[in-house]
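Chains, contacts and geometry: an overview
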Amino acid sequence: MLKNKNILIVGVANKHSIAAGIAESMSKNGANIALTYQNERLQGNVEKLGSSWGVDTFIPCDVAEDCQIENTFKELSNKWDGLDAVIHAVGFAPREELDGDFLDVTSREGFNIAHDISSYSFIALAKGAKEMMSGRNGSLLTLSYLGSKMTLPNYNVMGLAKASLEASVRYLAVSAGKDGHRVNAISAGPVKTLAASGVKNFRKMLSYNASRAPLGRNITTKEVGDAATFLTSDMASGISGEILYVDAGFNITAMGSIEEAES
Ligand code: NAD
Ligand code: 0WE
């Protein structure tokens, strides 16, 4: 589905990463892939993983730094004559923001960091990619979560950042649409990744989600990867500005089993 497409994937940390599921699906579908890593601590891991999918281009990129984003596309343009897609699978808020009552724990500093890393960085990558994507009917894809529209305990300022990210999918879709590019998001159900580790009661959240979801289970990073492959492929040429749920149907339910309630 992605034969001869040049795709940049931002957000692989380890084999559990959603971006790893995406990279694996995309490489199986014939894409040429370049990976970035956030810092030297992750470099070895990402290079080893990437090699197992046949990736040979690895670029450092902390999305908090404009110069590193600029450098990423400079490096890419030395390697490829154009770019067909960018996958953004990055989200971060300071840990203290994600544990406790929203009003008590939310700070100006935490708000700014969450929005910068989790939302603005998608726009920054879109800016950086513009020149290399020109004339290629490209695709930009990001990862969101239901906490953008509904509340759940402790997601807090990340919910605001994801709401901002989803709004930017729509504004970017209009902007990049002028050049023939599509912009979409996948809203994934919860997965046990590095970003989820250390989140209080995450295991309980996983079992709550599985029991309430129409499919009666959680989703895998492979399923997110395959949906990402579809959205990035020419099969999805009519889809832009969309938030596609890959969550075993959880978001369409308002109640799970009535048996759980007291009579
Ligand atoms: P992960 O920890 O594997 O990936 C998060 C990535 O963000 C890591 O690779 C990390 O290096 C990168 N990152 C953080 N700050 C960065 C920075 N300043 N510069 C560059 N990279 C940075 O976790 P994940 O769950 O795979 O997260 C990927 C995306 O999926 C995130 O946007 C997350 O919000 C979203 N998401 C996750 C879940 C879930 O339950 N795990 C559900 C829905 C959406
Ligand atoms: O988007 C996410 C991950 C968000 C995240 C997680 C962390 C933990 C470690 C962003 N920043 C950090 N910063 C850290 O220091 N998800 C959708 C997974 C997730 O995270 C939660 C969730 C779910 C689901 C946090 C609280 C409540 C639920």
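Look up: the structure comes first, before these words.
An account of the accompanying structure is given in this report.

Definitions and limits used
Residues numbered from 1 in each chain as written. Chains lettered and ligands numbered in written order. Predicted model: local features only at pLDDT ≥ 70, side-chain atom pairs only at ≥ 80, totals over all residues. Heavy atoms only, no water. Helix = DSSP H or I, 4+ residues; strand = E, 2+ residues; numbered from the N terminus. Expected span 1.5 Å × (residues − 1). Bend = angle between axes of the 7 residues up to and from the residue. Axes fitted to C-alpha atoms, helices over the stretch in contact; angles between N-to-C directions. Parallel < 35°, antiparallel > 145°, perpendicular 65-115°, else oblique. Left-handed = near helix turned anticlockwise from the far one by under 90°. Contact = heavy atoms within 4.5 Å. Nonpolar A, V, L, I, M, F, W, Y, C, P; charged D, E, K, R; others polar. Pairing = 2+ DSSP bridges. Disulfide = S-S within 2.5 Å. Buried < 20%, exposed > 50% of the residue type's maximum accessible area, 1.4 Å probe, protein only. Core = buried A, V, L, I, M, F, W, Y, C linked by side-chain atoms within 4.5 Å. Near = heavy atom within 4 Å. Polar contact = N/O pair within 3.5 Å; in protein donor to acceptor, adjacent residues only side chain to side chain. Areas by Shrake-Rupley, 256 points an atom, 1.4 Å probe, with all protein chains shown as cover. Patch = residues over 30% accessible without salt bridge, like charges linked within 9 Å, V, L, I, M, F, W, Y side chains within 5 Å. Salt bridge = Lys/Arg side-chain N within 4 Å of Asp/Glu carboxyl O.

Between its terminal C-alpha atoms helix α5 (residues 108-133) stretches 35 Å, which fits the 38 Å expected from 26 residues at 1.5 Å a residue. Largest kink in α5: about 45°, centred on Y120. In the segment just after α5, G135 is the residue with positive phi, at about 80°.

Packing of helix α1 (residues 18-28) against helix α8 (residues 221-232) brings their axes to within 7 Å, and their N-to-C directions diverge by 55°. Put simply, α1 runs oblique to α8. Along this stretch, α1 crosses α8, giving a crossing that reads as right-handed. On α8, the residues touching I18, G21, I22, S25 and M26 of α1 are T221, V224, G225, D226, A228, T229 and T232. The residue inventory of the contact of α1 with α8, partitioned by class, reads 5 nonpolar, 6 polar and 1 charged.

Here we come to the sheet that holds strand β2 (residues 32-37). With parallel pairing, 7 strands are arranged side by side in an open sheet as β3-β2-β1-β4-β5-β6-β7. A single partner strand is all that each edge strand has here, and the edge strands are β3 (57-60) and β7 (243-246). Sheet twist, expressed as the average angle between the axes of neighbouring strands with direction ignored, equals 20°. With 6 bridges connecting them, strand β5 (residues 139-144) and strand β6 (residues 182-188) associate as parallel partners. When the bridges of β6 are listed, S139 appears paired with R182. Here α1 sits on the sheet in contact with β1 (6-10), β2, β4 (85-88), β5 and β6, set at roughly 165° to β1.

What follows concerns the state of the cysteines. If you walk through the whole model with that rule in mind, you get 0 disulfides. Lacking any disulfide linkage, C61 is separated from the closest cysteine sulfur, that of C67, by 9.2 Å. A relative accessible area of 4% places C61 in the buried class.

Soluble globular proteins tend to bury their nonpolar side chains together. Of all hydrophobic cores here, the largest spans 46 residues; its most connected members are I9, I22, M26, L35, I186 and V224. Residue contributions to this core peak at 6 residues, all from α1. The contacts of V224, once residues within four sequence positions are left out, are I18, I22, L143, I186, A188, I219 and V246. Counting residues in hydrophobic clusters, the runner-up holds 30 residues, among them I69, A126, M132 and A185.

Our focus in this paragraph is the site of ligand 2. Neighbouring ligand 2 are 14 residues; A93, Y155, A195, V199 and M205 lie closest to it. Within the contact set of ligand 2, a nitrogen atom lies 2.7 Å away from a backbone nitrogen or oxygen of A93. Note that an oxygen atom of ligand 2 is positioned 2.8 Å from one of the side-chain N or O atoms of Y155. Taking 590 Å² as the accessible area of ligand 2 by itself, protein coverage stands at 89%.

The alternating pattern of β3 places T57 and I59 on a buried face and F58 and P60 on a face that is not buried. Examined bridge by bridge, β2 and β3 share 4 bridges and lie parallel to one another. Counterpart to T36 in the pairing with β3 is I59.

With that settled, consider a nonpolar patch on the surface. Taken together, the side chains of F102, F111 and L160 define a hydrophobic patch exposed on the protein surface, amounting to about 240 Å² of accessible area. With respect to the helices and strands, the residue F111 is situated in helix α5.

Read these as geometric descriptors, not functional statements.
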